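# Coordinate analysis (summary)
Each chain, letter by letter, is given below.
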Amino acid sequence: MKIPFLLVLAFPCAVLAAGGSVASYRKLHLEQKFFAEGATFGDLNRDGHADAIAGPYWYAGPDFKERHEFYPAVAFDPLRYSDNFFSYAHDFNGDGWNDILVLGFPGVDASWFLNPGKSGDKWRRNVVFLPVDNESPTFADLFGNGQPVILCMSRGQIGYATCDPKDPVRPWAFTAISPQGPWQRFTHGLGFGDVNGDGRNDILEKDGWWEQPVSLAGKPVWKQHKFAFAAGARGGSQMHVFDVNGDKLPDVITCRDAHGYGLSWFEQARGASGEISFKEHRITPLLKGEKIAGVQLAQMHAIALADFDGDGLPDIVTGKRWWAHGPKGDVEPDAAPVIYAFLLRRGASGQASYEPHLIDDASGIGVQLIVADVNGDQRPDIVSANKRGAFVFVSEKPATRK
C-alpha cells in the first residue's frame, strides 16, 4: 500500500562534530501517532537509499516523505502500550529484498514480514518464535558468522533463537546458554560483546556476564560471572562492550535503571590470576537532583554507540523514554523528552570521561535506538519511535563556529 505522506517537519538541532565544528541535524517528525516504541533503517525498495521503519509503516528515503503500510495500522493509546517494540531489516529468504523483523510486546512473538518486491502484493507475516522475553532483546550477529540471531530470554532461560536460512518460515530454534533462572518477559538489561578478549562474544545481563565456551557442540551452559551492573533489582536497557579508556581491556557501558536514573561505564581490571572485576564510573547520577557536567536524565530505556564527533571513538547516544508507564509512572514522567550524545574524552594515564551534548529536547526515545549513516556524509543519523510518534534526525554539513 503506497501512501503519499507529507507530515515531515524540520527543526534545527546540533551536536559537536569533527574539528570542533557543529553538525546540524534536521529533525523529521514522520508520525505523530503512537504506533511503536522501536524503529530502524533499511533499504526496502532497492533504490540505494536507506528507508525508515517504524510500527506498521516504512518511509522511503532519502527524504522519508512517502509512507508505505506493511501491516494493518492501529494507533495505540499513549497511556498503554504498542504491539511493536523492535524492528530490523534483513533479507530472510535470500531473494535480494530486505524483509522486516518485528519483536512485539515483551513475552510475545517474533515475526518477519516478507517483502513483496516489485509485485506490489501484501507483505506476508511469518510468526517464527515465541516467547521473546526481556525488554532489550536484539537481532544481531552474535557469533560473527554473518547469520544474525535473536538474543533474548525465553521461558526462564537466557539464549538465542536461530533462523534456518534454507527454510526461514519454519519456527526458529532456541538455544539456551543458561540453566533455568528468574528471568521473565519484563526482565531488564541485555547485551553482548567480548568481555574477556578471547575473540568470542559473551552475553551480558544485569547480574553479570556469561562466557562463551570454546566449542558450542552439545549446547553447553556458558560460564556465569556474577557482577551487579544494575542499580537495585530492575536493571537497565541495552548493554555494550567497548574499551572506553584505551587500556586494551574491554569495559561495559549500561544504563543502571531503565525506569530510573544512572548511566555508567564499568572499567575492567584484572587480578593477579587474571580474574576480571569492574569499577564503576558514573556518566549521569543515580539520585534525583544530582547532576554531572550539568546533566541529569531518567528512563534511558535505549542506548546505542556511534562516533558523533569524528574522532574515531564511539560515543553514547541515549535519552528519555517519555511516559514509559503513563503520566504518573516512574520518575519524572513529564520531564523533557531529550536525546543526548555523550562524547567520549580520553585523557592521560587511562582517564576517560563523557561530555554531554543535547541533540533534541522534544522527541525522546522508546526502547530501541538505531544509529547509522544513511545520507553518506560519514556522520551518524538517528531513528526513534515512541509515544510521541516517529522521528528521524538527519545530519547535515557542519557550520563553522563563530
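Values in this document were obtained by computation on a predicted structure and should not be read as measured data. As a convention, each chain's residues are numbered from 1 in the sequence order in which they are written. Note on the predicted model: pLDDT of at least 70 is required for a residue's local features to be given, and 80 or more for side-chain atom pairs to be given and counted; whole-chain, interface and lining totals, by contrast, use all residues. The basis for the side-chain values is all heavy atoms of the structure; hydrogens and waters are excluded.

### Observations concerning the sheet that holds strand E23 (residues 303–306)
Taken together, 4 strands build an open sheet; the order of strands is E23-E24-E25-E26 and the sheet is antiparallel. A single partner strand is all that each edge strand has here, and the edge strands are E23 and strand E26 (352–360). Strand-to-strand, the axes of this sheet are offset by a mean angle of 25 degrees, without reference to chain direction. Bridge count between strand E24 (residues 315–319) and strand E25 (residues 339–346): 4 bridges; the pairing is antiparallel. Across the sheet, the residue bridging to threonine 318 is tyrosine 340, located in E25. DSSP bridges decide pairing: two strands pair if at least two such bridges lie between them. The secondary structure listing takes helices from DSSP runs of H or I that are at least 4 residues long and strands from runs of E that are at least 2 residues long, numbered from the N terminus. Orientation is described by lines fitted to C-alpha atoms, with helices fitted over the stretch in contact, and by angles between N-to-C directions that extend from 0 to 180 degrees.

### Describing the pairing of strand E16 (residues 202–205)
Along E16, one buried face is formed by Asp202 and Leu204 and the opposite face, lined by Ile203 and Glu205, is buried too. Two elements, strand E15 (residues 190–193) and E16, share 4 bridges in a ladder whose sense is antiparallel. Residue pairing for E16: glycine 193 is matched across the bridge by aspartate 202. As paired strands, E16 and strand E17 (residues 208–211) are joined by 3 bridges and run antiparallel to one another. Residue pairing for E17: glutamate 205 is matched across the bridge by glycine 208. From the end of E16 to the start of E17, which pair antiparallel, there are 2 residues. Partly exposed residues are those whose accessible area sits between 20% and 50% of the maximum for their type, while under 20% is buried and over 50% is exposed, using a 1.4 Å probe and protein chains only.

### Observations concerning the packing of aromatic side chains
The aromatic pairing rule takes the rings of Phe, Tyr and Trp, using the six-membered ring of Trp, and pairs them if the centres are within 6.5 Å, calling planes under 30 degrees apart stacked, those over 60 edge-to-face and the rest tilted. In the structure shown here, the tally under the stated rule is 27 aromatic pairs. Through pairs of rings, three or more aromatic residues link up here, namely Tyr88, Phe92, Trp112, Phe139 and Trp172. The aromatic ring of tryptophan 322 is capped on one face by arginine 388, whose charged end is 4.5 Å from the ring centroid. Any Lys NZ or Arg CZ that is within 6 Å of a ring centre and within 35 degrees of that ring's normal is treated as a charge sitting over the ring.

### A closer look at unusual backbone geometry
The peptide bond linking glycine 61 to proline 62 adopts the cis configuration, its omega dihedral lying at 10 degrees. Mapped onto the secondary structure, proline 62 falls in the loop between strand E6 (57–60) and strand E7 (66–69). Along the chain, leucine 130 connects to proline 131 via a cis peptide bond; the corresponding omega equals -5 degrees. Among the secondary structure elements, proline 131 is positioned in strand E11 (residues 124–140). Unlike most non-glycine residues, asparagine 134 shows phi in positive territory, near 90 degrees. Relative to the assigned elements, asparagine 134 resides in strand E11. For asparagine 134, a relative accessible area of 1% puts it in the buried group. A positive phi angle is found at tryptophan 323, which is not glycine, with a value near 55 degrees.

### Let's talk about the pairing of E6
Going residue by residue along E6, you find Tyr57 and Tyr59 tucked away on one face and Trp58 and Ala60 tucked away on the opposite face as well. Note: strand E5 (residues 51–54) against E6, 3 bridges, orientation antiparallel. Counted as the bridge partner of isoleucine 53 is tryptophan 58 from E6. Here E5 folds back onto E6 in antiparallel fashion, the turn holding 2 residues, of which glycine 55 has a positive phi close to 65 degrees. By the bridge criterion, 4 bridges tie E6 to E7 in an arrangement that is antiparallel. Paired with tyrosine 59 across the two strands is arginine 67, which belongs to E7.

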